[in-house]
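Single-letter residue listing:
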Amino acid sequence: MCKKFVYGVAVSDYNFIGREVETKRLMNNFRGGINTILMSPRRLGKTSLVMRVCEKLKSEDIITIYLDIFGCKSEYDFYNRLTSEVLKQTASKQSMWLEEAKEFLYRLTPKISFSPEPNSDFAISLGITPKTHTPEEVLEVVEKIAIKRGKRIVVCIDEFQQIGEMTDSKHVQARLRSVWQHQKYVSYCLFGSKHHLMSSIFLHRSMPFYQFGDLIILDKISTAEWVEYIVSHFADGNRAISPALAEEICSFTDNYSAYVQQLSWLVYTQKEEGETVDETDIKQATDDLLATNEVLFMQMVEPLSEYQLNFLRAITSGVTKDFGLAKIREKYQLGSYSNISRLQKALLERDLIEKRGTELAITDPVFAKWFQRKMVF
């Protein structure tokens, strides 16, 4: 039985919506060995899109590898994660990964840990350190495996912005690119959830990964597509929602995929089979959505200074530019003119705000509504 609406995890099949153009473009890139950078604010479905393409390519002569490097804090954390996932996901048999690891990398001191959960995966620690292996030696492993298998490999790296937060990050990026750009049988799909950091890595001319591959900016799914999806999924559960109320769900969430799914689920659970959604249900569900995310939103604002909070208050009150004007600084208590650039930089780095042309906006639409309700006096 399919879940009617899914959020917080990657979605597939029944719960995957739209993205035909992006799916085709990614599949062509993967088949053609073209490196890809996928960018968007969080909650728009980057991971779901990549994993869908990987699933579609399973029947073809291409090996896709997915890894999430969010927990990697150092360069060699990344090398250990990358190598272990490549070996695990390309070994001809699960029991053969250690033998194959030793074939491609010498001087290993691997450790294996198993979860007590019966169906869970095992964790591998290869013991790769600066004393045992050079970066180049490690980064060549996937190319060697591709040549031995006689297949093209695509490595999909989620949360790639972690590379930008490592010590000596620019040199780390330079080492990665210097190896990856010469590989003939391996290509890379790089994406992450912190839009500001991803932009600093890939969009600045002075950075090593500038013009590394095909840049895809993932946009929001259209309201028309979402409305059709919501109405049909309610109908599949023998519940009814009008297109107008489905559109209200899209409007409240600004078409952000994860929030559309979550709010739709909150509305759906209020009704029994045979019932129809009304305005009261939408209002209750939007209140529930804000309450459900309140702990997360509180964690986002707790570290902020009063000036930073005031900057967000200005944006939620409709100010999107010209923050340095005396009347705006005085009205919203933003401090001196020179303070404006520091406030903007700090909030951009936290991904709380984003640039949209010449204007600034709060990145997360539901956080913006919560902030307006709770933090604007």
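A few points on the structure.

### What about the overall build of the protein chain?
At step 1: When you go through the protein chain residue by residue, the secondary structure sums to 17 helices and 9 strands.
At step 2: Taken over the C-alpha trace, the protein chain has a radius of gyration of 23 Å; the compact-globule value for 377 residues is 21 Å, and the two agree within 12%.
At step 3: Along the longest, intermediate and shortest principal axes, the C-alpha atoms of the protein chain span 65 × 60 × 40 Å.
At step 4: The buried share of the protein chain, reckoned over its 377 residues, is 50%.
At step 5: Across the protein chain, the fraction of contacts at a sequence separation of at least 24, relative to all contacts at a separation of at least 6, is 72%.

### Thoughts on the packing of helix H10 (residues 243-253) against helix H11 (residues 257-268)
At step 1: Put simply, H10 and H11 touch, their axes get as near as 9 Å, and they point 135° apart. With respect to each other, H10 and H11 are oriented oblique. Crossing geometry of H10 relative to H11 is assigned as right-handed. Contacts from Ile249, Phe252 and Thr253 in H10 reach Tyr259, Val260, Leu263, Ser264 and Val267 in H11.
At step 2: Looking at the contact of H10 with H11 residue by residue, the classes come out as 6 nonpolar, 2 polar and no charged.

### A look at the layout of surface pockets
At step 1: The calculated volume of the largest pocket comes to roughly 1100 Å³.
At step 2: When residues in the lining of the largest pocket are grouped by element, the largest group, 5 residues, is from H11.
At step 3: Of the residues in the lining of the largest pocket, the class split is 21 nonpolar, 15 polar and 12 charged.
At step 4: Within this model, the second largest pocket holds a volume of roughly 290 Å³.
At step 5: Around the second largest pocket, the lining residues are His195, His196, Ser199, Ser200, His204, Leu348, Asp351, Ile353, Glu354, Lys355 and Arg356.
At step 6: For the lining of the second largest pocket, a count of residues per class yields 2 nonpolar, 5 polar and 4 charged.

### Details of the sheet that holds strand E7 (residues 214-217)
At step 1: The 5 strands lie next to each other as E2-E5-E6-E1-E7, forming an open sheet whose pairing is parallel. In this open sheet, the two strands that pair with only one neighbour each are strand E2 (62-68) and E7. With strand direction ignored, the average angle separating the axes of adjacent strands in the sheet is 15°.
At step 2: Its contacts with the sheet place helix H1 (residues 20-32) against strand E1 (36-39), E2, strand E5 (152-158), strand E6 (186-191) and E7, and it is angled at close to 160° to E7.
At step 3: Where helix H3 (residues 75-90) meets the sheet, its contacts fall on E2 and E5, and the angle it forms with E2 comes to roughly 140°.

### Observations concerning the nonpolar core
In a soluble, globular protein the nonpolar side chains are often hidden away together inside.
At step 1: Residues Ile230, Phe311, Leu312, Phe323, Ile353 and Phe367 are the most contacted members of the largest nonpolar core, which totals 54 residues.
At step 2: Ranked by the residues each element gives to this core, the list is headed by H11, at 6 residues.
At step 3: In this structure, Cys72, Leu139, Val141 and Phe202 belong to the second largest nonpolar core, which totals 39 residues.

### Examining helix H16 (residues 337-349)
At step 1: Those residues of H16 that fall on the buried side of the exposure criterion are Asn339, Ile340, Leu343, Ala346, Leu347 and Leu348.
At step 2: Backbone geometry just after H16 places Asp351 at a positive phi near 60°.

### A word on empty space enclosed by the protein
Vacant regions in the atomic arrangement are exposed by a probe of water-molecule size rolled over the atoms.
At step 1: As enumerated under the stated definition, the model contains 1 cavity of 30 Å³ or more in all.
At step 2: Its volume calculated, the largest cavity comes out at about 40 Å³.
At step 3: Sorting the residues of the lining of the largest cavity by element identifies H3 and helix H6 (141-149) as the ones contributing at least two each.
At step 4: Sorting elements by how many residues they give to the lining of the largest cavity places H3 first, with 3 residues.
At step 5: Of the residues in the lining of the largest cavity, the class split is 6 nonpolar, 1 polar and no charged.

### Quick notes on the side chain of Arg313
At step 1: As for its position among the elements, Arg313 is in helix H14 (residues 306-316).
At step 2: Classification of Arg313 by relative accessible area gives buried; the value is 10%.
At step 3: A polar contact of 2.7 Å, which involves the side chain of Arg313, links it to the side chain of Asn310.
At step 4: In this structure Arg313 touches Glu306, Tyr332, Phe371, Met375, Val376 and Phe377, once residues within four positions along its chain are discounted.

### Details of the pairing of E1
At step 1: Because side chains alternate across E1, one face comprises the buried residues Thr36 and Leu38, and the other comprises Ile37 and Met39, equally buried.
At step 2: In this structure, E1 lies alongside E6, joined through 3 bridges in parallel fashion. Within E6, the residue paired with Ile37 across the bridge is Leu190.
At step 3: Bridging between E1 and E7 involves 4 bridges; their strand directions are parallel.

Definitions and cut-offs
Residues numbered from 1 in each chain as written. Predicted model: local features only at pLDDT ≥ 70, side-chain atom pairs only at ≥ 80, totals over all residues. Heavy atoms only, no water. Helix = DSSP H or I, 4+ residues; strand = E, 2+ residues; numbered from the N terminus. Rg over C-alpha atoms; globule rule 2.2 N^0.38 Å. Buried < 20%, exposed > 50% of the residue type's maximum accessible area, 1.4 Å probe, protein only. Contact = heavy atoms within 4.5 Å. Axes fitted to C-alpha atoms, helices over the stretch in contact; angles between N-to-C directions. Parallel < 35°, antiparallel > 145°, perpendicular 65-115°, else oblique. Left-handed = near helix turned anticlockwise from the far one by under 90°. Nonpolar A, V, L, I, M, F, W, Y, C, P; charged D, E, K, R; others polar. 1 Å grid on protein atoms, 1.4 Å probe; cavity = no way out; pocket = protein on both sides within 12 Å on 5 of 7 lines; lining within 4 Å. Points joined across faces, edges and corners; volume = space filled by probe spheres on them. Pairing = 2+ DSSP bridges. Core = buried A, V, L, I, M, F, W, Y, C linked by side-chain atoms within 4.5 Å. Polar contact = N/O pair within 3.5 Å; in protein donor to acceptor, adjacent residues only side chain to side chain.

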